[in-house]
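Descriptive structure summary
Chain residues, written in single-letter form:
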Amino acid sequence: MELRVLRYFYMVAREENITRAAQLLHVTQPTLSRQLMGLEEELGAVLFHRSSHRITLTEDGMLLKRRAQELLELADKTQREFQSREELAGEIAIGCGETRNMARLADLMASFQREHPLMQFRIYSATADEVKERMENGLLDMGLLMLPVDISRYHTVPMPYRERWCALVREDCPLAELPQATPQDLLPYPLILSWREQVNEQVREWFGECFAQAKVAARYNLVTNTAIMVKHRVGVALCFDLGTTYYDSLGLAWKKEQARSRAVEQFIAHVRNAAT
């Protein structure tokens, strides 16, 4: 499977229109159609449902689109790493959860770019589990991780801020008047919990036996949309309190045994020097 053909497929899958995709790719429509048919023949799968006005992905097509996006991102990232051999340039991809330590990471990025103006950063916002998966696949160089997470395969540099959990509620909710909430205080309310199973294990441990009485209304991965759900009375969200600091978070992590670009190595050194 050629990377060029995979790029053709991804563009068509994104645009859902062969004519528009051909224009963006600067190839003729017949050429693009032949490449797609050849890809389907190579894979032994039907990738598109075709109609006169648009095309949509089959189940196999949706799977290939996900894989194609990962492969193309990795190929583009590799190409950028080899673009400059003299002055430090390129891109460093970092995955981040929603944490106050993003402020410290942003300071480190800014000071690094002052020393190396051609450097760029790509930030991917997601949960620790998603960030770890993309680091394992080589799509991210580093990750700003929060506990609980297994770090046995990673080097880490601690970040200065500590996080605490809170119950995110509407201002008119009776819970808003409490200095702190107990499991019994939360039981009357529908809960919005994290997608992360390791986090939910801690939530169940905190609730104890009474967790069996709790009603889960929704699950989230990042807090921004969760706040909107709280505002519209979907439930009470258990999440990090981004306005204060309290409990330990983990820090910036990268894989122990992985080839890294010169730019990534120098940024790691920059982060370590700043931590001393």
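Worth saying up front: this structure is predicted, and the values here are computed from it rather than measured.

**A look at the overall build of the chain**
Of the regular secondary structure elements, the chain holds 10 helices and 11 strands. The principal-axis extents of the C-alpha atoms in the chain amount to approximately 65 × 50 × 30 Å. Counting the 276 residues in the chain, one finds 42% classified as buried. Taking the contacts inside the chain whose residues are at least 6 apart along the sequence as the reference set, 72% of them involve residues at least 24 apart. For the chain, the accessible surface area stands at approximately 15,800 Å², while carbon and sulfur atoms represent 50% of it. Computed over 34 positive and 37 negative side-chain charges, the separation of the two mean positions in the chain equals 3 Å.

**With respect to the pattern of salt bridges**
In total, this model carries 12 salt bridges according to the counting rule given. One salt bridge in this structure joins R14 and E15, with 2.9 Å as the shortest N-O distance. Residue classification places R14 among the partly exposed residues on the basis of a relative accessible area of 46%. Between R233 and D172 there is a salt bridge, and its shortest N-O distance comes to 3.6 Å. Residue R233 is located in the loop between helix 9 (223-231) and strand 10 (236-240), and its partner D172 is located in the loop between strand 7 (165-168) and helix 7 (183-186); the two are separated by 61 residues in the primary sequence. Given a relative accessible area of 58%, R233 falls into the exposed group. Taking relative accessible area as the criterion, D172 reaches 48% and is therefore assigned partly exposed. One salt-bridge network, held together by shared partners, links R14, E15 and R20.

**A few points about the sheet that holds strand 8 (residues 191-194)**
With respect to topology, 4 strands assemble into an open sheet ordered 7-10-8-9, the strand pairing being mixed. Two strands close off the open sheet at either side, each with one partner strand: strand 7 and strand 9 (216-220). The sheet shows a mean angle of 30 degrees between the axes of neighbouring strands, direction not considered. Where strand 8 lies against strand 10, 2 bridges are found, and the strand directions are parallel. Within strand 10, the residue paired with I192 across the bridge is A237. Packed on one face of the sheet, helix 8 (residues 197-207) meets strand 7, strand 8, strand 9 and strand 10 and runs near 135 degrees to strand 8.

**Quick notes on the pairing of strand 8**
On any regular strand, side chains alternate: one points to one face of the sheet, the next to the other face. Bridging between strand 8 and strand 9 involves 4 bridges; their strand directions are parallel. Across the sheet, L191 pairs through a bridge with V216, a residue of strand 9.

**Overview of the environment of T224**
Of note, T224 is situated in helix 9. Separated by 126 residues in the primary sequence, T224 and E98 place their C-alpha atoms 9.0 Å from one another.

**A short note on empty space enclosed by the protein**
Per the counting criterion, the structure on display carries 1 cavity of 30 Å³ or more. Empty space within the largest cavity amounts to approximately 190 Å³. Broken down by class, the residue content of the lining of the largest cavity amounts to 11 nonpolar, 4 polar and 2 charged.

**Comments concerning the pairing of strand 11 (residues 251-255)**
Most of strand 11 sits out of view: 5 of its 5 residues are buried. Note that strand 5 (residues 142-145) and strand 11 share 3 bridges and pair antiparallel. Following the sheet pairing, G143 is matched in strand 11 by A253. Judged from the 4 bridges that link them, strand 6 (residues 154-157) and strand 11 form a sheet pairing that is antiparallel. Pairing of T156 across the sheet is with A253, part of strand 11.

**Points about helix 2 (residues 18-25)**
Three or more residues of helix 2 are buried, namely I18, A21, A22 and L25. On an axial view of helix 2, the arc spanned by its buried residues comes to 100 degrees, and they lie on one face. Buried residues in helix 2 make contact with helix 1 (3-15), helix 3 (29-43) and strand 2 (55-57). Of the residues flanking the start of helix 2, the one acting as N-cap is N17, its side-chain oxygen 3.0 Å from the backbone nitrogen of T19.

**Some details on the sheet that holds strand 11**
Here 5 strands make up an open sheet; going across it, the order is 4-3-5-11-6 and the pairing mixed. Each end of this open sheet is capped by a strand with a single partner; those strands are strand 4 (119-125) and strand 6. On average, each strand axis in the sheet is inclined to that of its neighbour by 30 degrees, with strand direction left out of account. Bridge count for strand 3 (residues 90-96) against strand 4 is 7 bridges, and the pairing is parallel. For I92, the partnering residue across the bridge sits in strand 4 and is F121. Most of the contacts of helix 5 (residues 101-115) go to strand 4, to which it runs at about 165 degrees, and overall it touches strand 3, strand 4, strand 5 and strand 11.

**Remarks on the confidence of the model for the chain**
Fine structural detail should not be taken from predicted coordinates in areas where pLDDT scores are low. Summary statistics for the chain give a mean pLDDT of 85 and a share of 92% for residues scoring 70 or more. By mean pLDDT, the top-scoring element of the chain is helix 7 (94), and the lowest-scoring one is helix 4 (residues 59-81) (84).

Conventions we followed
Residues numbered from 1 in each chain as written. Predicted model: local features only at pLDDT ≥ 70, side-chain atom pairs only at ≥ 80, totals over all residues. Heavy atoms only, no water. Helix = DSSP H or I, 4+ residues; strand = E, 2+ residues; numbered from the N terminus. Buried < 20%, exposed > 50% of the residue type's maximum accessible area, 1.4 Å probe, protein only. Contact = heavy atoms within 4.5 Å. Areas by Shrake-Rupley, 256 points an atom, 1.4 Å probe, with all protein chains shown as cover. Lys, Arg positive; Asp, Glu negative; His and termini not counted. Charge placed at Lys NZ, Arg CZ, Asp CG, Glu CD. Salt bridge = Lys/Arg side-chain N within 4 Å of Asp/Glu carboxyl O. Pairing = 2+ DSSP bridges. Axes fitted to C-alpha atoms, helices over the stretch in contact; angles between N-to-C directions. 1 Å grid on protein atoms, 1.4 Å probe; cavity = no way out; pocket = protein on both sides within 12 Å on 5 of 7 lines; lining within 4 Å. Points joined across faces, edges and corners; volume = space filled by probe spheres on them. Nonpolar A, V, L, I, M, F, W, Y, C, P; charged D, E, K, R; others polar. Arc of directions from axis to C-beta. Polar contact = N/O pair within 3.5 Å; in protein donor to acceptor, adjacent residues only side chain to side chain. pLDDT = per-residue confidence, 0-100.

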